[in-house]
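Residue-level listing of the chains:
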Amino acid sequence: MKLWFIEPRANVFVSGVKDAVALEILDDLFRHCPPEAGLLCFRSLPKPPGYEIRTWGATSKDVTRLSGLQLVVETISTDVQW
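Let me sum up the structure you'll find in this document. (Residues numbered from 1 in each chain as written. Predicted model: local features only at pLDDT ≥ 70, side-chain atom pairs only at ≥ 80, totals over all residues. Heavy atoms only, no water.)

Another aspect to go through is the nonpolar core. The biggest cluster of nonpolar side chains holds 9 residues, and these are Phe-5, Phe-13, Ala-22, Ile-25, Leu-26, Leu-29, Phe-30, Leu-39 and Cys-41. Of the residues forming this core, the biggest block, 5 residues, is contributed by helix H1 (residues 19-32). (Core = buried A, V, L, I, M, F, W, Y, C linked by side-chain atoms within 4.5 Å. Buried < 20%, exposed > 50% of the residue type's maximum accessible area, 1.4 Å probe, protein only. Helix = DSSP H or I, 4+ residues; strand = E, 2+ residues; numbered from the N terminus.)

Here you go:
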């Protein structure tokens, strides 16, 4: 995986290869990884919005759609003191 994707965080992969290659790698990865792996993968697209998010299994982040955009849901801690 680390040959074709950047892993900015554990089990979060960002594609750095052409679309067809990325799809082939992701399909192969999803076929061979157990759902317990909890993968969150980002792939660039040549058309708007410019990216696609694919998940496999239970991830620590939720993905939602808002006005057709796939977005990762982040929580904000209210414990932060300014």
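The subject of this paragraph is the sheet that holds strand S3 (residues 39-44). The strands that make up a sheet are held in pairs by hydrogen bonds between backbone atoms, and each pair lies either parallel or antiparallel. On the basis of which strands lie adjacent, the open sheet formed by 4 strands has the order S1-S2-S3-S4 and mixed pairing. Each having just a single partner strand, strand S1 (5-9) and strand S4 (51-56) make up the two edges of the open sheet. Put simply, the sheet's adjacent strands are angled 25° from each other on average, direction ignored. With 3 bridges joining them, strand S2 (residues 12-15) and S3 adopt parallel strand pairing. Among the inter-strand pairings, Val-12 is bridged to a residue of S3, identified as Leu-40. Across the sheet, H1 lies against S1, S2, S3 and S4, angled at about 165° from S3, the strand it touches most. (Pairing = 2+ DSSP bridges. Axes fitted to C-alpha atoms, helices over the stretch in contact; angles between N-to-C directions. Contact = heavy atoms within 4.5 Å.)

The next thing to look at is the pairing of S4. Strand direction decides the pairing type here: S3 and S4, joined by 6 bridges, are antiparallel. Residue pairing in the sheet places Cys-41 in a bridge with Arg-54 of S4. Hairpin connection from S3 to S4: 6 residues lie between these consecutive antiparallel strands, with Gly-50 at a positive phi of about 95°.

Another aspect to go through is the environment of Leu-29. Positionally, Leu-29 belongs in helix H1. When the C-alpha atoms of Leu-29 and Trp-56 are compared, they prove to be 9.5 Å apart, with 27 residues separating the residues in sequence.

Another point: the packing of aromatic side chains. By the definition in use, this model includes 1 aromatic pair. Consider the rings of Phe-30 and Trp-56, whose centres lie 5.6 Å apart with planes at 15°: the pair is stacked. With Phe-30 in helix H1 and Trp-56 in strand S4, the pair connects residues that are 26 residues apart, well separated along the chain. Trp-56 sits in the partly exposed class, given a relative accessible area of 27%. (Phe/Tyr/Trp six-rings, centres within 6.5 Å; stacked < 30°, edge-to-face > 60°.)

It is possible for side chains of opposite charge to pair when their charged atoms get near one another. Scanning all chains against the criterion turns up 4 salt bridges. Glu-74 is paired through a salt bridge with Lys-61; the nearest N and O atoms lie 3.0 Å apart. With Glu-74 in the segment after strand S6 (69-72) and Lys-61 in the loop between S4 and strand S5 (63-66), the pair connects residues that are 13 residues apart, well separated along the chain. (Salt bridge = Lys/Arg side-chain N within 4 Å of Asp/Glu carboxyl O.)

Of note, Gln-70 is situated in strand S6. Classification of Gln-70 by relative accessible area gives buried; the value is 15%. At a separation of 2.8 Å, a polar atom in the side chain of Gln-70 contacts the main-chain amide nitrogen of Ile-53. (Polar contact = N/O pair within 3.5 Å; in protein donor to acceptor, adjacent residues only side chain to side chain.)

Geometric descriptors of this kind do not, in isolation, establish any biological role.
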